[in-house]
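One-letter residues, chain by chain:
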Amino acid sequence: MRVLLPTMLRSYSAGAAEVDAAGTTLGDLLADLDRRFPGIRFRVIDEQDRVRQHVRIFVDGEVAGDLGVALAGRSVVQIVGALSGG
Amino acid sequence: MLLVATRKGAWILHGDSARRTWRVDGPHLLGQVVNHLVMDPRDGRTLLMAAKTGHLGPTIFRSDDLGRTWKEAARPPAFPKVDDGTNGRAVSHTFWLEAGPASEPGVWWAGTSPPGLFCSEDGGATWESVSGWNDHPMYSKWVPADSGTPDGPLLNQIVIDPRDARHMYVATSTGGVFESSDRAASWAPLNKGVEANFMPDPYPEYGQDAHYLAQSRVRPDRIYQQNHCGIYRIDRPADVWERIGRNMPADIGDIGFSIVAHPRNADVAWVFPMDGTEVWPRTSPGGKPAVYRTRDAGASWERQDRGFPAEQGWFTVKRQAFAIDSLDPVGIYLGTTGGELWASSDEGESWHEIVRHLPEIYSVVPAGAA
């Protein structure tokens, strides 16, 4: 499915703003994303599996509160860098 | 060479043999919040960088080509995952990187916020939680949940005894200094005589805020400490610190973030005092920057301010941003939160600005030849 990456993660995707990844939950999808782009998951998810403070992840336009959110085959996942100050 | 870490990236300054002219190389990883950039003294080549961004979590970058390319750690420092539903710790940022001894190539140690200790055995590629500290039965006492500096509570420094790599010290902002004699497997406080005037008991066993330690290279039993509450010295095996900051001029005081020790003379050290009166501005007292040098292990101090602004110089120098090289005469460097880097190539006698307009400087580390 489609994953939209913010600018601050595109060093992992060779500049791509949109990549493909697979999974039936958000956690599975992020694991797959990390296999394709090593290191990317830890920059947005901490070691306790929490979305980092200044990151938001949207699934089909809704904020995903945790990694257990179910994904449909045509879901669009958007990772956003949010309000970190100057 | 000077490795300069800032809130917005890193710079590498290459100096001439007189340490007078510096070529500025950078920025490296512009926009990353870089708390520490260090060179591996065992090979004089490898760089390790502790970084995060405003949005993204903490990681470690490594360069084998002086910053032309950077490779991210496969497993950065991270606390063990706890059972779901509990409020487990997560590394906010790595604050300090320390190379292991020459006898342990590839070993690196890291101190983090919240105060955690991590070790890598493979040159910084993968990091493991050091249970002896992170799971210590006293951890919640040494690191109270509501403690912290403005940037979070810190394990802000790791010192390894050059004679015995199993003998280590750590400095924390929450509990003071701790010592291990078994390569970080167990720890004990080392804070006797150190004031914590913000605590109900002003001389507690732990709870001090140890800003910076300077261990003498030629006499490793001697350690200087710039603490939140003054300047101290200890000569092991004594276990009581002496407040040598009492010998500073009363109108200057002994508040600051850092202290450096002369690489060849254990009686010589420098501090950069900052204003700790009233609301703690932590700027140069009176707006007149100066370092103070002791040449008798803290019994007396002398002012060195030639070259600094004579007035209206409101410098703040953070704990990692005051550094000394090992050349003769020694060079001393200080980076300000205003992005100015100042240097002395004559043991503090005179100072000159070598670069300005950088972002807020977090750390300055001399590396290799100047």
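Above this text you will find the structure in question.
Residues numbered from 1 in each chain as written. Chains lettered and ligands numbered in written order. Predicted model: local features only at pLDDT ≥ 70, side-chain atom pairs only at ≥ 80, totals over all residues.

Remarks on the overall build of chain B
Right, so step 1: When you go through chain B residue by residue, the secondary structure sums to 2 helices and 27 strands.
Right, so step 2: A compact globule built from 370 residues should have a C-alpha radius of gyration of about 21 Å, and chain B, at 19 Å, falls within 12% of that.
Right, so step 3: In terms of overall dimensions, chain B has C-alpha extents of about 60 × 50 × 40 Å along its principal axes.
Right, so step 4: The 370 residues of chain B split such that 52% are buried.
Right, so step 5: A fraction of 49% describes how many contacts in chain B between residues 6 or more apart in sequence connect residues 24 or more apart. (Helix = DSSP H or I, 4+ residues; strand = E, 2+ residues; numbered from the N terminus. Rg over C-alpha atoms; globule rule 2.2 N^0.38 Å. Buried ≥ 20, exposed ≤ 12 C-beta atoms within 10 Å, placed from the backbone. Contact = placed C-beta atoms within 7 Å.)

Some thoughts on the overall build of chain A
Right, so step 1: Within chain A, the secondary structure is distributed over 2 helices and 5 strands.
Right, so step 2: Seen in sequence order, chain A has helices and strands lined up from the N terminus as β-β-α-α-β-β-β.
Right, so step 3: Taking the principal axes of the C-alpha coordinates as reference, chain A spans close to 35 × 25 × 25 Å.
Right, so step 4: Within the span of chain A, comprising 86 residues, buried residues form 27% of the whole.
Right, so step 5: Considering only contacts within chain A whose residues lie at least 6 apart along the sequence, 50% involve residues at least 24 apart.

Looking at the pairing of strand S8 (residues 93-99) of chain B
Residues and elements named next belong to chain B.
Right, so step 1: Summarising burial for S8: 6 of the 7 residues are buried, a large majority.
Right, so step 2: In this sheet, strand S9 (residues 108-113) lies alongside S8 in antiparallel orientation, the contact comprising 6 bridges. Each residue of the ladder has a partner; that of Leu97, found in S9, is Ala110. (Pairing = 2+ DSSP bridges.)

Concerning the sheet that holds strand S7 (residues 71-72) of chain B
Right, so step 1: Strand order in the open sheet formed by 4 strands is S4-S5-S6-S7 (chain B), with antiparallel pairing between adjacent strands. Each edge of the open sheet carries a strand with a single partner, namely strand S4 (33-39) and S7 of chain B.

Digging into the nonpolar core
Right, so step 1: Membership of the largest hydrophobic core comes to 99 residues, with the highest contact counts inside it found for Leu3, Val4, Val34, Met49 and Val260 of chain B.
Right, so step 2: Apart from the residues within four sequence positions on either side, Val34 of chain B is in contact with Ala5, Thr6, Gly9, Ala10, Leu29, Met49, Ala50, Ala51 and Tyr362 of chain B. (Core = buried A, V, L, I, M, F, W, Y, C linked by C-beta atoms within 7 Å.)

Let's talk about helix H1 (residues 26-36) of chain A
All names here are of chain A.
Right, so step 1: For H1, the full list of buried residues reads Leu26, Leu29, Leu30 and Leu33. Along H1, the residues classed as buried sweep out an arc of 95° about the axis, all on the same side.
Right, so step 2: Of the surrounding secondary structure, the elements contacted by the buried residues of H1 are strand S1 (2-4), helix H2 (40-44), strand S3 (55-59) and strand S5 (76-81). (Arc of directions from axis to C-beta.)

Thoughts on the pairing of strand S12 (residues 155-160) of chain B
Residues and elements named next belong to chain B.
Right, so step 1: Most of S12 is tucked away: 6 of the 6 residues are buried.
Right, so step 2: Sheet topology note: the S12/strand S13 (residues 168-172) ladder contains 5 bridges and is antiparallel. Note on S13: the bridge partner recorded for Ile160 is Met168.

Description of the sheet that holds strand S25 (residues 341-344) of chain B
Residues and elements named next belong to chain B.
Right, so step 1: Strand order in this open sheet of 4 strands is S23-S24-S25-S26, and the pairing throughout is antiparallel. For this open sheet the edge positions go to strand S23 (322-324) and strand S26 (352-355), each flanked by a neighbour on one side alone. Shown here is a sheet whose adjacent strand axes are inclined to one another by a mean of 25°, direction ignored.
Right, so step 2: As judged from the 3 bridges shared by S25 and S26, these two strands associate in the antiparallel manner. Residue Leu341 lies in a different strand from S26, and its bridge partner there is Val355. (Axes fitted to C-alpha atoms, helices over the stretch in contact; angles between N-to-C directions.)

What about the interface of chain A and chain B?
Right, so step 1: On the chain B side, the residues contacting the 16 residues of chain A number 15 residues.
Right, so step 2: Among the elements that line the side of chain A that touches chain B, the one with the most residues is H2 of chain A, at 3 residues.
Right, so step 3: Along the lines of polarity and charge, the residues of the side of chain A that touches chain B split into 5 nonpolar, 6 polar and 5 charged. (Nonpolar A, V, L, I, M, F, W, Y, C, P; charged D, E, K, R; others polar.)

Structural notes on the environment of Gln320 of chain B
Right, so step 1: Of note, Gln320 of chain B is situated in the loop between strand S22 (302-304) and S23.
Right, so step 2: In this structure the C-alpha to C-alpha distance between Gln320 of chain B and Trp22 of chain B, which are 298 residues apart in sequence, comes to 20 Å.

A short note on unusual backbone geometry
Negative phi values dominate among residues other than glycine, just as trans dominates among peptide bonds.
Right, so step 1: Following Ser113 of chain B, the chain continues to Pro114 of chain B via a peptide bond in cis, the omega torsion being -10°.
Right, so step 2: Locating Pro114 of chain B in the fold gives a position in the loop between S9 and strand S10 (117-120).
Right, so step 3: The backbone of Ala14 of chain A sits at a positive phi, close to 55°, despite the residue not being glycine.
Right, so step 4: Within the fold, Ala14 of chain A resides in the loop between S1 and strand S2 (18-20).
Right, so step 5: The backbone of Leu66 of chain B shows a phi angle near 55°, a positive value even though the residue is not glycine.

Brief notes about the environment of Val279 of chain B
All names here are of chain B.
Right, so step 1: Residue position: Val279 is located in the loop between strand S20 (269-271) and strand S21 (291-294).
Right, so step 2: Of the residues examined, Val279 has 7 C-beta atoms within 10 Å and is grouped as exposed.
Right, so step 3: In this structure, the C-alpha to C-alpha distance between Val279 and Pro202, residues 77 residues apart in sequence, is 19 Å.

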